[in-house]
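# Survey of secondary and tertiary structure
The lines below spell out each chain.
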Amino acid sequence: VQLQASGGGLVQAEGTLRLSCAASGFTFSNYNMGWFRQAPGKEREFVAGINWSGGVTRYASSVEGRFTIGRDNAKNTVYLQMNSLKPEDTAVYYCAAGYGYISDASNSRKYAFWGQGTLVTVSS
């Protein structure tokens, strides 16, 4: 099983980034997918989740309206489009594959597989 996140980098406030996470080694279309992030000195937190079909999404209130999660089951890839970035969005972003109800998307214990993370730095 592998989840390879990419697309992180340094961006100015109000800028945009698009993260990608390529999955392999499991049946991607059977799993919900999520993005979490961890800022220096802080706990890991939920960012966004999407159900197996892509028809249902969930967002943390801090990113709602600015971030969009999507997936392409044909390419075994999940995306996170991040707009209007703020310095407080600076963190390592992780993708994860999970199961169960999408209403539990924010529960990290519902995720079986995790990627290695990609660093996003937003300068003011």
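Everything discussed here concerns the structure shown above.
To start, this report covers the structure provided alongside it. (Residues numbered from 1 in each chain as written. Predicted model: local features only at pLDDT ≥ 70, side-chain atom pairs only at ≥ 80, totals over all residues. Heavy atoms only, no water.)

## Some remarks on the sheet that holds strand β3 (residues 17–24)
Taken together, 4 strands build an open sheet; the order of strands is β1-β3-β8-β7 and the sheet is antiparallel. Only two strands of the sheet have a single neighbouring strand rather than two, namely β1 (2–6) and β7 (67–72). If you compare each strand with its neighbour and ignore which way they point, the axes differ by 15 degrees on average. Across 6 bridges, β7 lies against strand β8 (residues 77–82) in antiparallel orientation. (Pairing = 2+ DSSP bridges. Helix = DSSP H or I, 4+ residues; strand = E, 2+ residues; numbered from the N terminus. Axes fitted to C-alpha atoms, helices over the stretch in contact; angles between N-to-C directions.)

## Thoughts on the pairing of strand β5 (residues 45–50)
With 5 of its 6 residues buried, β5 lies for the most part within the structure. For strand β4 (residues 32–38) and β5, the ladder comprises 5 bridges, and the chain directions are antiparallel. Looking at the pairing, F36 lines up with F46 of β5. Counting the residues between successive antiparallel strands, the hairpin from β4 to β5 contains 6 residues, one of them, G41, with a positive phi of roughly 75 degrees. Note: β5 against strand β6 (residues 57–59), 3 bridges, orientation antiparallel. Note on β6: the bridge partner recorded for G49 is R58. Hairpin connection between β5 and β6: a loop of 6 residues separates the two successive antiparallel strands, and G54 in this loop has a positive phi of roughly 90 degrees. (Buried < 20%, exposed > 50% of the residue type's maximum accessible area, 1.4 Å probe, protein only.)

## With respect to the packing of aromatic side chains
Scanning the entire structure with this criterion turns up 8 aromatic pairs. Between F26 and F113, the aromatic rings sit 5.1 Å apart at their centres with planes inclined by 45 degrees, giving tilted as the arrangement. Highlighted residues: F26 in the loop between β3 and β4 and F113 in strand β10 (residues 111–114), separated in sequence by 87 residues. On the basis of relative accessible area, F26 is assigned to the buried category, the value being 13%. Owing to a relative accessible area of 23%, F113 belongs among the partly exposed residues under this scheme. (Phe/Tyr/Trp six-rings, centres within 6.5 Å; stacked < 30°, edge-to-face > 60°.)

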